[in-house]
Amino acid sequence: ATFDFDRWSKACTDAKGKNWFKKTIYLLNRGVRGEDFSKYRFNVERSDKILHKFGKMFNFYSEPVGTTRHNYTGKRFSGISQYNPAVDYAGKPVKRSAAYPLKLITYKPITGGQSRTQAVDYWLQAVMPENTIDINRATAREMGIRDGDMVKIVSEDNPDGVWDLGPAGKKAMVGKARLIEGLRPGCVNVSWSFGHWAYGARDVVVDGKVIPGERTRESGVCPNAAMQLDSGLKNSTLEDLIGGSAVFYDSYVGLVKV
């Protein structure tokens, strides 16, 4: 099909005859509607120096946080922003192993807002059939990994690099290496919402009848089983004790070519 310029141009013409076609394309290409930049240019005669002021109170100190105690150590949390090195649940510094030098980070692709997105709405995989294990080119070169190599994610707490699924068997954390420049050396980046084994990905037996799975749903890799366990709790990953979430950016892993 060819692009009908006249048709779309006409569709972007308002009742007064003004054509908005070029601005419409500009907007669509950037995915956002923004203000004209000239509005923010410095003007000594303008009385309002800050546009879009935050009209409410901005707290540098959070009283609910500052008056809450850690339920294990009994110490109060800081009510102001701080930088602290990673610690376990008991407050002890997290130890690192030189055998696993790569920092694991994760993100959510636009087609994978939740863990279940790809598995349930798996037609989205027409856009992104599988995720990849992203590595900086320089780091990959040092490790002898080439673009497209199949690699396994391993860690001190999971040296075999597999999910132990009990009755469902095991699933290796294996994916395709993608070498990029847009990632800091020494990091491994794996997107979220791929690498399922449930959600209809595998055959299941219900009342003696086999319900066939769709392998499309289990494509890609999920790196969670490689994340570092809390040395105090032993059965949980490192935690953000204030927010209550898992710590996704403080685990160190290694990569093994398969």
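Scroll up to find the structure this text is about.
Residues numbered from 1 in each chain as written. Predicted model: local features only at pLDDT ≥ 70, side-chain atom pairs only at ≥ 80, totals over all residues. Heavy atoms only, no water.

Peer 1: Sorry, what's going on with the packing of aromatic side chains here?
Peer 2: Aromatic rings in a pair are described by how distant their centres are and how their planes are angled relative to each other. One pass over the full model with this rule turns up five aromatic pairs. Note on F58 and F60: the rings are 5.4 Å apart at their centroids and 70° apart in plane angle, and the pair reads as edge-to-face. We note that F58, like F60, is exposed. When the ring of Y72 is compared with that of Y89, the centres are 5.7 Å apart and the planes differ by 55°; the resulting orientation is tilted. With a gap of 17 residues between them, Y72 in the loop between helix 3 (63-66) and strand 1 (102-107) and Y89 in the loop between helix 3 and strand 1 connect regions that are remote in the sequence. In this structure an aromatic cluster arises from ring pairing among F54, F58 and F60. It is K18 that lies over the ring of W20; its NZ or CZ is 5.0 Å from the centre. (Phe/Tyr/Trp six-rings, centres within 6.5 Å; stacked < 30°, edge-to-face > 60°. Buried < 20%, exposed > 50% of the residue type's maximum accessible area, 1.4 Å probe, protein only. Helix = DSSP H or I, 4+ residues; strand = E, 2+ residues; numbered from the N terminus. Lys NZ or Arg CZ within 6 Å of the ring centre and 35° of its normal.)

Peer 1: Which parts of the structure should I look at to understand unusual backbone geometry?
Peer 2: Negative phi values dominate among residues other than glycine, just as trans dominates among peptide bonds. Phi at D207 is positive, roughly 55°, even though this residue is not glycine. Residue D207 is classed as exposed on the basis of its relative accessible area of 81%. One non-glycine residue, K234, lies in positive phi territory at about 75°. With respect to the element layout, K234 can be found in the loop between strand 9 (209-211) and strand 10 (251-257).

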